[in-house]
Amino acid sequence: MSKEQVKKRIEKLRREIDRHRYLYHVLDKPEMSEAALDSLKNELFNLEMEYPELITPDSPTQRVGGRALDKFGKVTHETPMISLFDAFSLEDMDDWEKRLRKLTARKLDYYAELKLDGLAVSLRYEKGLLARGATRGDGRTGEDVTGNLKTIESIPLKLRIPSEDELREIGLKSGQAKAVLRAIQSGALEIRGEVIMTKKVFKELNRKYEKEGKPVLANPRNGAAGSIRQLDPALSAERKLSFYAYELSTELGLDRHEQKGKIAGLFGLRILNENKYCPDLSAVEAFHDHWEKHRESLPFEVDGIVVKVNDLSLWPVLGTVGKGPRFMMAYKFAAEQVTTKVKDVVWQVGRTGTMTPVAVLEPVRVGGVTVSHATLHNMDEIGRLGLKIGDTVVIERAGDVIPKVIRAFPELRAGREKDINAPEFCPICRSRVARTAGEVAYRCVNPECYTVNLRRLAHWTSKGATDIDGVGPKIIEQLVKAGLVSDIADFYDLKEGDLKPLERFADKSAENLVKAISARKEIDLARFIYGLGIRHVGEEMAIALAREIGHRISDIKDIDSVVNVLRKMTSVDLENIEDVGPIVAGSIYDWFHDQKNIKVLKKLEDRGVAIRKQRTENRERAKLKGKTFVLTGTLAGLTRDEAKAKIREIGGSVSSSVSKNTDFVVAGENPGSKYDKAKKLGVKILDEEEFIKITNSRI
Ligand code: IVH
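- Per an unreviewed UniProt entry, the recorded name for the chain is DNA ligase, and the organism is Candidatus Falkowbacteria bacterium RIFOXYA2_FULL_47_19.
- Listed under Function (unreviewed entry) in UniProt, the entry text for the chain is "DNA ligase that catalyzes the formation of phosphodiester linkages between 5'-phosphoryl and 3'-hydroxyl groups in double-stranded DNA using NAD as a coenzyme and as the energy source for the reaction. It is essential for DNA replication and repair of damaged DNA."
- Among the UniProt annotations of the chain, the heading Sequence similarities (unreviewed entry) holds the following wording: "Belongs to the NAD-dependent DNA ligase family. LigA subfamily."

Structure follows, in structure tokens:
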């Protein structure tokens with residue numbers, strides 16, 4: 001090839017490489033593989049090696065060309081790189097708008113942008129060519145990081161020159177379009193935006209670093225910011241960073257902020273397509289809420305939105321105060337990482353007996369909801385974190401996934417923290433725990449453990465016991481699997497944020513479930529006793545026990561007082577209760593002398609589960625005390641004996657014949673002559689439904 005031919009070939013290669021770079025890194029619509037693109041770059045590189053005089057600064061080969069520096073040069077920003085004020089609620093935003101209204105009577109509308117979490121940089125293009133890139137620094141003076149920024153493929157080394165028509169199409173007036181074209185062709189342009197690392201690149205890099213035994217990156221933000229401020233461009237290149245433009249800081253005489261993004265797009269810069277015009281704050285709120293909820297689906301991390309007054313003629317009117325401008329506001333999302341304390345570590349037993357440690361946390365708000373549990377995976381993870389019970393920790397809840405403990409702060413220990421030991425006995429059934437050789441996991445060897453516990457938990461929430469709406473066996477199994485519930489007291493620790501990561505839990509159902517559980521914190525004594533699932537203690541037996549306790553203490557206040565009474569009763573005391581034989585007595589006695597059960601009862605008490613005050617019910621009951629009932633006909637739902645038992649339970653008595661002294665006649669199907677007599681005497685007749693209602697007001 002002649003030199004002239006080489007020159008032509010080089011120009012064509014550059015154009016083609018740049019086109020594919022744009023498709024791949026700006027539009028995310030690659031037409032060919034990275035390997036194919038590399039091979040084009042390779043050809044260009046070889047030609048340039050042969051003819052170094054043909055190298056230009058905007059050649060794609062110049063992206064990784066820079067040598068490592070000793071020090072960055074200083075750059076003074078022509079317009080200072082400002083910081084932003086933060087808002088955390090709609091109220092904050094309303095206050096902001098009110099402040100703006102004091103300064104202008106003009107209609108306010110907004111442009112809402114995603115707030116990328118990376119590093120702010122300013123790019124200076126002279127005659128359309130990338131001349132310099134700088135960090136924010138202190139806002140006035142930053143560092144010259146051009147070499148590093150050139151490694152970012154979404155930053156064009158040369159801006160695309162839009163046609164005047166294209167500029168007119170996005171709403172620019174003729175004069176404005178001309179000013180833009182002048183700036184790009186013969187003047188200077190300053191473009192600002194964020195350098196970020198995508199979540200995908202972050203994951204891949206960390207996987208690679210881990211394999212190579214190198215320190216892993218803490219988060220994508222550090223991955224981006226850290227490498228741009230390193231002196232070796234090769235490191236930036238390795239990090240595969242991206243750049244999104246959000247500001248044209250050169251004065252171009254534009255009308256609306258919204259136009260800047262569109263112009264940047266025409267220049268070939270990457271912009272956020274999610275950004276949106278918002279006619280008022282309620283539209284801003286909808287944008288904020290939408291992305292707070294769906295931020296997981298974005299390929300990069302965002303920590304909020306930036307809301308900008310759209311009318312650019314207002315910017316100088318509103319001005320800047322302190323650290324930032326009045327015409328912009330960062331409206332933050334709820335933090336995804338917070339610190340809290342580990343109160344305890346419990347071992348959750350899975351279907352196959354595998355035991356997983358779960359950190360019980362001091363409840364804390366993270367990512368907009370409250371959580372009280374975080375997974376710890378296994379003993380190795382606990383070792384890696386160096387975690388002790390009582391430690392202050394950082395937890396992270398990214399989207400609707402189970403919160404994780406990210407790190408512990410040994411520096412903050414007070415000396416009372418406790419080591420976390422591998423379990424020796426299963427916390428549920430107290431079988432021995434085994435560890436299979438070569439496995440990290442400990443397991444409970446009792447094959448029944450898991451199912452028995454599931455049944456026990458489901459019994460507690462069942463209709464006859466606490467009757468918690470919506471907490472059936474399926475949900476319970478989910479809760480157990482997630483390590484959220486292992487005994488009945490754990491239900492009362494659940495927080496909305498614990499439930500959201502679970503399958504089938506939309507926001508609403510998580511909220512409803514927490515409410516339903518809390519609504520049943522107060523419980524009738526008989527239902528409470530029944531719910532404990534003591535062997536041989538069915539609903540009737542529980543009623544008898546509750547009545548006995550009622551005789552022994554006049555004012556049942558709390559679980560503690562009930563437990564005290566029951567623990568003081570001997571087997572003989574128990575056997576004296578109607579229908580209680582030695583086997584039942586033994587079972588009750590054993591249950592209330594088992595430390596594991598006492599611990600759960602104490603936990604229930606601590607979580608505010610209480611025995612319902614008797615007074616109102618007593619009054620109800622008093623009304624029926626001594627009343628005489630007569631039964632006639634067949635009841636559909638219960639036998640004669642059951643009906644009699646119910647009447648006695650509420651303090652009434654049963655008589656076989658109707659007289660003036662009869663208070664109620666309960667009439668089932670095909671009632672006999674007693675019914676007619678009752679009518680004649682004017683005795684109140686109850687049908688089955690009414691009767692059930694009356695007798696269901698339990699102790
Ligand atoms: S406007 C150079 N718009 O948020 C300051 N900032 O908390 C320009 N950021 O330092 C402010 N997305 O790094 C602006 N759409 C956006 C942004 C954005 C992310 C960052 C930027 C700034 C920080 C302020």
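Okay, back to it.
What to know about the overall build of the chain
Phase 1 of the analysis: Of regular secondary structure, the chain possesses 27 helices and 26 strands.
Phase 2 of the analysis: The C-alpha radius of gyration of the chain comes to 37 Å, more than 25% above the 27 Å expected for a compact globule of 699 residues.
Phase 3 of the analysis: Dimensions of the chain, computed from C-alpha atoms along their principal axes, come out at roughly 120 × 65 × 45 Å.
Phase 4 of the analysis: Burial statistics for the chain: of 699 residues in total, 48% are counted as buried.
Phase 5 of the analysis: Considering only residue pairs separated by 6 or more positions, the chain has 68% of its internal contacts joining residues 24 or more positions apart.
Phase 6 of the analysis: Element-wise, carbon and sulfur atoms account for 50% of the exposed surface of the chain, whose accessible area totals about 35,000 Å².
Phase 7 of the analysis: The positive charge centre, built from 117 side chains, and the negative charge centre, built from 106, are 1 Å apart in the chain.

A closer look at the site of the ligand
Phase 1 of the analysis: Close to the ligand lie 13 residues; Ile-82, Glu-113, Lys-115, Glu-194 and Lys-308 are nearest.
Phase 2 of the analysis: Within the backbone of Leu-116, a nitrogen or oxygen atom sits 3.3 Å from a nitrogen atom of the ligand.
Phase 3 of the analysis: At 2.6 Å from an oxygen atom of the ligand is found a side-chain nitrogen or oxygen belonging to Glu-194.
Phase 4 of the analysis: When isolated, the ligand has an accessible area of 500 Å², and the protein chains bury 90% of it.
Phase 5 of the analysis: Listing elements by their share of the shell around the ligand, those giving two or more residues are β3 (110-116) and β10 (302-309).
Phase 6 of the analysis: Sort the elements by how many residues they give to the shell around the ligand and β3 lands first, with four residues.
Phase 7 of the analysis: Its residues assigned to classes, the shell around the ligand comprises nine nonpolar, no polar and four charged.

Describing the packing of aromatic side chains
Phase 1 of the analysis: Inspection of the entire model under this criterion finds eight aromatic pairs.
Phase 2 of the analysis: Considering the side-chain rings of Tyr-244 and Phe-300, the 5.3 Å spacing of their centres and the 70° angle between planes classify their relative orientation as edge-to-face. Residue Tyr-244 is located in strand β8 (residues 242-248), and its partner Phe-300 is located in the loop between α11 (281-294) and β10; the two are separated by 56 residues in the primary sequence. Residues Tyr-244 and Phe-300 agree in their burial class; the two are buried.
Phase 3 of the analysis: Counting every residue linked through ring pairs, the aromatic cluster contains Phe-629, Phe-664 and Phe-691.

Overview of the pattern of salt bridges
Phase 1 of the analysis: Going through the model one piece at a time under the given rule, you end up with 50 salt bridges.
Phase 2 of the analysis: Here Arg-19 and Glu-31 are joined by a salt bridge, their closest N and O atoms 3.5 Å apart. With a gap of 12 residues between them, Arg-19 in helix α1 (residues 3-26) and Glu-31 in the loop between α1 and α2 (34-50) connect regions that are remote in the sequence.
Phase 3 of the analysis: Overall, the relative accessible area of 38% leaves Arg-19 in the partly exposed class.

Details of the pairing of strand β4 (residues 119-126)
Phase 1 of the analysis: Taken across its eight residues, β4 has seven buried, putting it largely inside the fold.
Phase 2 of the analysis: In this sheet, strand β7 (residues 188-196) lies alongside β4 in antiparallel orientation, the contact comprising eight bridges. For Ala-120, the partnering residue across the bridge sits in β7 and is Glu-194.
Phase 3 of the analysis: Connecting β4 to the next strand, strand β5 (residues 129-135), in antiparallel fashion are two residues, including Lys-127 with a positive phi near 50°.

Looking at the UniProt feature "active site" (unreviewed entry) in the chain
Phase 1 of the analysis: Listed under "active site" (unreviewed entry) in the UniProt record, and renumbered for this structure, are Lys-115.
Phase 2 of the analysis: With residues up to four places along the chain from it excluded, the contact list for Lys-115 reads Glu-301, Val-302, Asp-303, Gly-304, Ile-305, Val-306, Ala-330 and Lys-332.

A few points about the environment of Leu-281
Phase 1 of the analysis: By secondary structure assignment, the location of Leu-281 is in helix α11.
Phase 2 of the analysis: Taking the C-alpha atoms as reference, Leu-281 lies 20 Å from Asp-255; in sequence the two are 26 residues apart.
Phase 3 of the analysis: In this view, Leu-281 contacts Met-93, Asp-94, Glu-97 and Tyr-110; residues no more than four positions away in its chain are not counted.

Observations concerning the nonpolar core
Phase 1 of the analysis: Of all hydrophobic cores here, the largest spans 78 residues; its most connected members are Phe-267 and Val-309.
Phase 2 of the analysis: Here Val-309 is in contact with Trp-96, Leu-100, Leu-108, Asp-109, Tyr-110, His-257, Leu-314, Trp-315, Leu-318 and Phe-327, once residues within four sequence places are set aside.
Phase 3 of the analysis: Val-480, Leu-532, Leu-545 and Ile-598 belong to the second largest nonpolar core, which has 64 residues in total.

Side note on the packing of helix α14 (residues 449-461) against helix α15 (residues 473-481)
Phase 1 of the analysis: One can describe the packing of α14 onto α15 by two numbers: an axis separation of 10 Å at closest approach and a directional angle of 125°. The pairing of α14 with α15 is recorded here as oblique in orientation. The way α14 lies across α15 gives a crossing that is right-handed. Together, Tyr-450, Leu-454, Leu-457, Ala-458 and Thr-461 of α14 and Pro-473, Ile-476, Glu-477, Val-480 and Lys-481 of α15 make up the contact between the two elements.
Phase 2 of the analysis: Partitioning the contact of α14 with α15 into residue classes produces seven nonpolar, one polar and two charged.

Focus on unusual backbone geometry
Phase 1 of the analysis: One non-glycine residue, Asp-467, lies in the positive phi region at around 55°.
Phase 2 of the analysis: The backbone of Asn-670 sits at a positive phi, close to 45°, despite the residue not being glycine.
Phase 3 of the analysis: Relative to the elements of secondary structure, Asn-670 occurs in the loop between β25 (664-667) and α26 (673-681).
Phase 4 of the analysis: Under the relative-accessibility criterion, Asn-670 is labelled exposed at 68%.

Observations concerning the environment of Pro-403
Phase 1 of the analysis: Examined against the element boundaries, Pro-403 turns out to sit in the loop between β17 (392-396) and β18 (404-408).
Phase 2 of the analysis: For the pair formed by Pro-403 and Val-371, sequence separation is 32 residues and the distance between their alpha carbons is 7.9 Å.
Phase 3 of the analysis: With residues up to four places along the chain from it excluded, the contact list for Pro-403 reads Val-371, His-373, Ala-374, Thr-375, Glu-396 and Arg-397.

A look at a positive patch on the surface
Phase 1 of the analysis: Taken together, the side chains of Lys-7, Lys-8, Lys-12 and Arg-15 present a region of like positive charge at the surface.
Phase 2 of the analysis: Positionally, Lys-7 belongs in helix α1.

Notes on helix α8 (residues 220-228)
Phase 1 of the analysis: Listing the buried residues of α8 in full gives Pro-220, Gly-223, Ala-224, Ala-225, Ser-227 and Ile-228.
Phase 2 of the analysis: Residues of α8 that are buried sit in contact with β4, β5, α4 (146-150), β7, α7 (199-212) and α9 (233-238).

Considering the sheet that holds strand β13 (residues 328-332)
Phase 1 of the analysis: Judged by pairing direction, the sheet is mixed, and its five strands sit side by side in the order β2-β13-β10-β3-β9 without closing on themselves. Both outer strands of the open sheet, β2 (86-87) and β9 (276-278), are each paired with one neighbouring strand and no more.
Phase 2 of the analysis: Sheet topology note: the β3/β10 ladder contains seven bridges and is antiparallel. Paired with Leu-116 across the strands is Val-302, a residue of β10.
Phase 3 of the analysis: Each of β2, β3, β10 and β13 is contacted by helix α3 (residues 90-103), which is oriented at about 170° to β13, the strand it contacts most.

Thresholds applied
Residues numbered from 1 in each chain as written. Predicted model: local features only at pLDDT ≥ 70, side-chain atom pairs only at ≥ 80, totals over all residues. Heavy atoms only, no water. UniProt positions renumbered as here; feature names shortened; annotations may be inferred. Helix = DSSP H or I, 4+ residues; strand = E, 2+ residues; numbered from the N terminus. Rg over C-alpha atoms; globule rule 2.2 N^0.38 Å. Buried < 20%, exposed > 50% of the residue type's maximum accessible area, 1.4 Å probe, protein only. Contact = heavy atoms within 4.5 Å. Areas by Shrake-Rupley, 256 points an atom, 1.4 Å probe, with all protein chains shown as cover. Lys, Arg positive; Asp, Glu negative; His and termini not counted. Charge placed at Lys NZ, Arg CZ, Asp CG, Glu CD. Near = heavy atom within 4 Å. Polar contact = N/O pair within 3.5 Å; in protein donor to acceptor, adjacent residues only side chain to side chain. Nonpolar A, V, L, I, M, F, W, Y, C, P; charged D, E, K, R; others polar. Phe/Tyr/Trp six-rings, centres within 6.5 Å; stacked < 30°, edge-to-face > 60°. Salt bridge = Lys/Arg side-chain N within 4 Å of Asp/Glu carboxyl O. Pairing = 2+ DSSP bridges. Core = buried A, V, L, I, M, F, W, Y, C linked by side-chain atoms within 4.5 Å. Axes fitted to C-alpha atoms, helices over the stretch in contact; angles between N-to-C directions. Parallel < 35°, antiparallel > 145°, perpendicular 65-115°, else oblique. Left-handed = near helix turned anticlockwise from the far one by under 90°. Patch = residues over 30% accessible without salt bridge, like charges linked within 9 Å, V, L, I, M, F, W, Y side chains within 5 Å.

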